Amino acid sequence: MLAFLSIGIGRGHPFYADGSVAALRSQNPDLEVVYADVFGLSEGIALRGWQGVRGAYLAAGRQPAKSGLYGRARAFAAGRAGTLLARGLGAGLRALAREAEVCVVDHPLLLQAIGPHPKLWFQHGEMGVPPEAVPHGDYCALVPTAEAARVFECGGVAGERLAVTGLCVEAALVADAANWAALRRARYARGEGLCVAAFSSGAEPRHHVEALVGAVESAARAGHRVLAFCARGGLFEAALGAAHSPGVDRVAVAGRDELDRRTAQHFPDFDAILSPAHERSNWALGLGLPLFVVGPDIGPFPPCNRAILVAAGVARPLLDPAAFGAEVSRLRDDGTLFAMSRSGGGRAIDGFRVSAERLLQALGE
């Protein structure tokens, strides 16, 4: 049996677990794969502890002034006190892990919570790797790029314990990626109104929501269509409802499954993304979809991703939300959007499939 244990907080970490589990079940339908998160496996004091972790994540993610909490929390988690805390919260996780021949986790805290396991894997799907995000311990890791692998090696993880998978892009977006990119570039060349897909992070920080709404309204005024993906009942949806801008279609979703399904439904129409740097960055680099980065960066991952994307030529910062619509039109007309799109793509984007293959190999060893 192969077990996937998820932190179950936010979109980022669970998103990568979702994709790898789906690929495993697709490649080997008869394989017993158990997929659970800390909230489903914990009870009593441990459950309340994980709920506290989730509360701290939301607090740090909503206010830039508190983003330094993340770095301090990483340092705490890496020390003896953090290990003891994780062990105290992990009884339910260890019970499942003991039954699994291969155990995969999507967050460093879970490595410490589970402790020694003969085949323990950590999935790191982000392109950016802040040094403090490299966990200590005895494990193997799935990483998307050779650059990410080098950071893990500098953090003390032996190279033979690292599997480079390629970028982790949703399976529903991989097969027709090249065709959709060609159609996107043809729309740029025709000079027509474009479709901008806007996303907030799961924590929906006020600064991001305000910038997103301002940019969305600006794009609509400039004659572009906006698809605003927002959590049903969340802050972004409420702010969009108050704006009442024609040309803006709200796509309200509840949970990751519905978000992924609705995204795949609309993805062929996407011409650009408006999002924080830690959301959908794989689309920009892997699928050639220009990204306008909403700031400020919160936490250590967005600056790393931003630097990678800007250096590759597939992303630009959102500097003035009120002027965003005019900027999109200008960049379309002067060929910059076309160039940004061409700067992306041409990279391995089947990271979920490769992750599944590597875990199946580990299962058979």
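The structure presented is a predicted model; accordingly, all values stated were derived computationally and were not measured. (Residues numbered from 1 in each chain as written. Predicted model: local features only at pLDDT ≥ 70, side-chain atom pairs only at ≥ 80, totals over all residues. Heavy atoms only, no water.)

A. A look at the overall build of the protein chain. Secondary structure assignment for the protein chain yields 18 helices and twelve strands. Against the 2.2 N^0.38 benchmark of 21 Å for 365 residues, the protein chain shows a C-alpha radius of gyration of 20 Å, consistent with a compact globule. Dimensions along the principal axes, computed over C-alpha positions, put the protein chain at roughly 60 × 35 × 35 Å. Across the 365 residues in the protein chain, those meeting the buried criterion constitute 53%. Counting contacts in the protein chain only where the partners sit at least 6 residues apart, residues at least 24 apart contribute 65% of the total. Accessible surface for the protein chain amounts to roughly 14,900 Å². Of this, 55% is attributable to carbon and sulfur atoms. A gap of 3 Å separates the mean positions of the 36 positive and 36 negative side-chain charges of the protein chain. (Helix = DSSP H or I, 4+ residues; strand = E, 2+ residues; numbered from the N terminus. Rg over C-alpha atoms; globule rule 2.2 N^0.38 Å. Buried < 20%, exposed > 50% of the residue type's maximum accessible area, 1.4 Å probe, protein only. Contact = heavy atoms within 4.5 Å. Areas by Shrake-Rupley, 256 points an atom, 1.4 Å probe, with all protein chains shown as cover. Lys, Arg positive; Asp, Glu negative; His and termini not counted. Charge placed at Lys NZ, Arg CZ, Asp CG, Glu CD.)

B. Structural context of the environment of Lys119. Tracing the sequence through the fold places Lys119 in the loop between α7 (108–114) and β4 (120–123). When the C-alpha atoms of Lys119 and Leu337 are compared, they prove to be 45 Å apart, with 218 residues separating the residues in sequence.

C. Molecular detail of the pairing of strand β8 (residues 225–231). Counting buried residues in β8 gives five out of seven residues, a clear majority hidden from the surface. With five bridges connecting them, strand β7 (residues 195–199) and β8 associate as parallel partners. Across the sheet, Val196 pairs through a bridge with Val226, a residue of β8. The β-α-β motif built from β7, the intervening helix α11 (residues 206–221) and the parallel element β8 has right-handed crossover chirality. Sheet topology places β8 next to strand β9 (residues 248–253); six bridges connect them, and they run parallel. (Pairing = 2+ DSSP bridges. Right-handed = clockwise from strand over helix to strand, strands pointing away.)

D. Examining unusual backbone geometry more closely. The omega angle of the peptide bond from Gly295 to Pro296 is 0°, so this bond is cis rather than trans. With respect to the helices, strands and loops of the structure, Pro296 is situated in the loop between β11 (291–294) and α15 (301–312).

E. Focus on helix α17 (residues 336–343). For α17, every residue scored as buried is listed here: Leu337, Met340 and Ser341. Projected down its long axis, α17 carries its buried residues within an arc of 100°, all on one side. Buried positions along α17 lie against α10 (177–190), β11, β12 (315–317) and α16 (324–333). Just past α17, the residue Gly345 takes up positive phi, approximately 80°. (Arc of directions from axis to C-beta.)

F. Up close: the packing of aromatic side chains. Counted according to the given criterion, the structure contains 14 aromatic pairs. A ring pair is formed by Trp180 and Phe267, whose centres lie 5.7 Å apart and whose planes are at 50°; its orientation type is tilted. Here the residue Trp180 occupies a position in helix α10, and Phe267 occupies one in the loop between α13 (256–266) and β10 (272–276), the gap between them amounting to 87 residues. Owing to a relative accessible area of 1%, Phe267 belongs among the buried residues under this scheme. The residue whose ring lies beneath Arg54 is Phe39, and the NZ or CZ to ring-centre distance is 4.1 Å. (Phe/Tyr/Trp six-rings, centres within 6.5 Å; stacked < 30°, edge-to-face > 60°. Lys NZ or Arg CZ within 6 Å of the ring centre and 35° of its normal.)

G. Here's a closer look at the side chain of Arg184. As for its placement among the helices and strands, Arg184 is situated in helix α10. Of the side chains with opposite charge, Asp271 lies nearest to the buried Arg184, which makes no salt bridge, at 4.9 Å. Side-chain polar atoms of Arg184 contact the backbone oxygen of Leu287, separated by 3.3 Å. Those residues in contact with Arg184 that lie beyond four places of it in its chain are Phe267, Phe270, Asp271, Leu287, Gly288, Leu289, Pro290 and Ser341. (Salt bridge = Lys/Arg side-chain N within 4 Å of Asp/Glu carboxyl O. Polar contact = N/O pair within 3.5 Å; in protein donor to acceptor, adjacent residues only side chain to side chain.)

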